[in-house]
Amino acid sequence: MTPWMRRIHKWLGLAIGLQFVLWMASGLVMSLLSHDKVQGHEFRVHAPAERAWPADTVPAQAVLKRAVSAQSIASAWLLDRPVYRVADRDGQRLFDARDGRPLTIDRTLARALAVASYSGPGQAQAPVLLDWTQEARTHEGRSWRVDFDDADRTTVYLSAQTGEVLAHRNSTWRVFDVFWMLHIMDYAGRSNFNNPLVVGTGIGGLWLALTGMWLLVASFHLREFVPERWRRSRELTVYAANGGKLRTVKSAAGDSVYVALARNDLQLPSNCGGGQSCGLCEVRYRGASPPPPTAADRAHLSQGKLKIGYRLACNLPLEEGMEVEVAGGPNLWTEHDATVERVVAVAPFLREIVLKPGHAPGPEYQPGAYLQVHVPDYEFPRERIARPDEHRGDWEALDLPDSLCNREAARRSYSLSLPVDKADGRLHLLVRFSPGRQDRKRQAPGRGSTYLYSLQPGDRIRFSGPFGDFAVRANAREKIFIGGGAGMAPLRAMIHSLLDRGATERIHYWYGTRTARDAPYMDEMAALSRDNANFSWHPVVSEAAECGDALLRGLVHEAVHEHLLKEHASLLDCDFYLCGPPAMLAATRQLLQRLGVPEAQVAFDDFKI
């Protein structure tokens, strides 16, 4: 439950947090505004003292005879004229108290009434008759609006039925009214403090507080607050994936397997630093009864792996005499260095970085494997990132900060994009630049991609690996590759490996991209398709305006379903290899599940994001 609760908590917290900011900001602004101006008191004439009712008026009964449907009658003054206000089902009407005749609030009288209620320096403008106005929203009938040309843009509103002054409004009130609307979240009427948005936000805030307390409890354990020297020592035996024993390490009870290994310089692959969000640090529990999988385990590991004992090391508590298998073997504690030989912009935001390692790569550098590049702390101007002329317009559209920096060393994973034996021992990486959010809440660009995009030939970098179990199965079954974006890297390496060793089975490659110019290696894949009768290449472009007649249009998982899978004779005889952006990968896996393809026939690399 924790992973999905964490996701909901994050996005709901963002929405409610924004509203909390609006509440605080609007409350602050409203408190700073002048109360007299907001209330319209500044230029409003005080009500006159009570005056004696004149003796020469007609009796109220005489007026009521003319208003047969009257419900009530009251005396009042309209400037210096005594009047009767008669209320009926349709509203109120005025009658002259001296002669009993009906009165109408016309344009001239409305202007005179407005001037009489105003004490400021402005001159009255021509009155305007309104059916309804937001600035006098509590009045349901028609009203007169009279503007004054003072510095505060004062407006007087009067009832068109009775001439009563409804409100004085000005620029200060109008600013207040906008922030009042934001404060009570009544964007239509601006008066209902109990509207559904406020109630819903209150309920959401309560849920956010309760889940926040739950996540706090779920994220910490009492043992974490006990000093290490006060906890009992525990031994953990580490085996390679082939069953060979690597070493035995000691750590303190209460540590996770990830922490225990890190304390002994065995750094498992991780992009999140043991935060249960990337899924890279998987290990296999050796024993008859592995601990029950947690929500984080289920979110990142397939059912097949869970059944045979795979768990996330960052979520696996250390037990006495525990044994685990890890992929990577000695690569866990071995660091390598390499020299940058070449940096090629293969698309506006995709670059091929070719490394010459300081050692001879062995068979573990299989197609589908990934390296963990060690990203140091850095700071340099954005001009250090080279921008080829053909891509300059794409880069100028990005709102990058003047200075690009990383305050803390990190590790980032990148797949090999070409078999090392085909590349003369070189390591080819395909790196997508992550620009961060490009809006008013600008987020810094990706630390790893920024670092790699700043590299030039001759620079030296450090890395660990290779890691990963994303690999081509050794069989003659039909193979269907589906990818997108930087997912081109491992799929390209796998396809080259298959074709180079003379594979004869049917091989399909469906690749989704936003536009044709965003896709790398288009010509290379087309050439492989021409030269190999068993290989077909199908680029799918999602933006129709950028499509040529020869390209398929739409989303890649929909295109592969429409043109291949829907009419395929036997999907159970196919192996699937998927790699690409999270949304594409999730949609494709759901499609294959609906088509009844067994999980064992689907291999994927989700970049652990």
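Scroll up to find the structure.
In what follows, the accompanying structure is described. (Residues numbered from 1 in each chain as written. Predicted model: local features only at pLDDT ≥ 70, side-chain atom pairs only at ≥ 80, totals over all residues. Heavy atoms only, no water.)

Moving on to the packing of helix 12 (residues 488-500) against helix 13 (residues 522-531). One can describe the packing of helix 12 onto helix 13 by two numbers: an axis separation of 12 Å at closest approach and a directional angle of 25°. When the interaxial angle is binned, helix 12 and helix 13 end up roughly parallel. Viewed along their axes, helix 12 and helix 13 form a crossing whose handedness is left-handed. Along its contact with helix 12, which presents Arg492, His496 and Leu499, the element helix 13 presents Glu524, Met525 and Leu528. Taken together, the residues of the contact of helix 12 with helix 13 sort by class into three nonpolar, one polar and two charged. (Axes fitted to C-alpha atoms, helices over the stretch in contact; angles between N-to-C directions. Helix = DSSP H or I, 4+ residues; strand = E, 2+ residues; numbered from the N terminus. Parallel < 35°, antiparallel > 145°, perpendicular 65-115°, else oblique. Left-handed = near helix turned anticlockwise from the far one by under 90°. Contact = heavy atoms within 4.5 Å. Nonpolar A, V, L, I, M, F, W, Y, C, P; charged D, E, K, R; others polar.)

On the basis of which strands lie adjacent, the open sheet formed by four strands has the order 5-6-7-8 and antiparallel pairing. Since the sheet does not close on itself, it has two edges, and those belong to strand 5 (128-130) and strand 8 (165-169), each with one partner. Taken over all neighbouring pairs, the strand axes of this sheet differ in orientation by 25° on average, direction set aside. (Pairing = 2+ DSSP bridges.)

Turning to the packing of aromatic side chains, a few remarks are in order. With the rule as written, the count across this model stands at 17 aromatic pairs. Taking 6.4 Å as the distance between ring centres and 5° as the angle between the ring planes, the aromatic pair formed by Phe176 and Trp180 counts as stacked. In this pair, Phe176 and Trp180 are both assigned in helix 5 (residues 171-184), four residues apart and thus about one turn of the helix distant. Here the aromatic residues Phe349, Trp395, Phe433 and Tyr453 are joined through ring pairs into a cluster of three or more. It is Arg286 that lies over the ring of Tyr239; its NZ or CZ is 3.7 Å from the centre. Over the face of the ring belonging to Phe604 we find Arg589, whose NZ or CZ atom lies 4.0 Å from the ring centre. (Phe/Tyr/Trp six-rings, centres within 6.5 Å; stacked < 30°, edge-to-face > 60°. Lys NZ or Arg CZ within 6 Å of the ring centre and 35° of its normal.)

Pairing is parallel across the open sheet formed by six strands, whose spatial order is 25-24-23-22-26-27. Only two strands of the sheet have a single neighbouring strand rather than two, namely strand 25 (552-553) and strand 27 (602-605). Alignment of strand 26 (residues 574-579) against strand 27, held across four bridges, turns out to be parallel. Bridged to Phe576 within strand 27 is Val602. Helix 15 (residues 582-594) contacts strand 22 (478-484), strand 26 and strand 27 of the sheet and is inclined by roughly 160° relative to strand 26.

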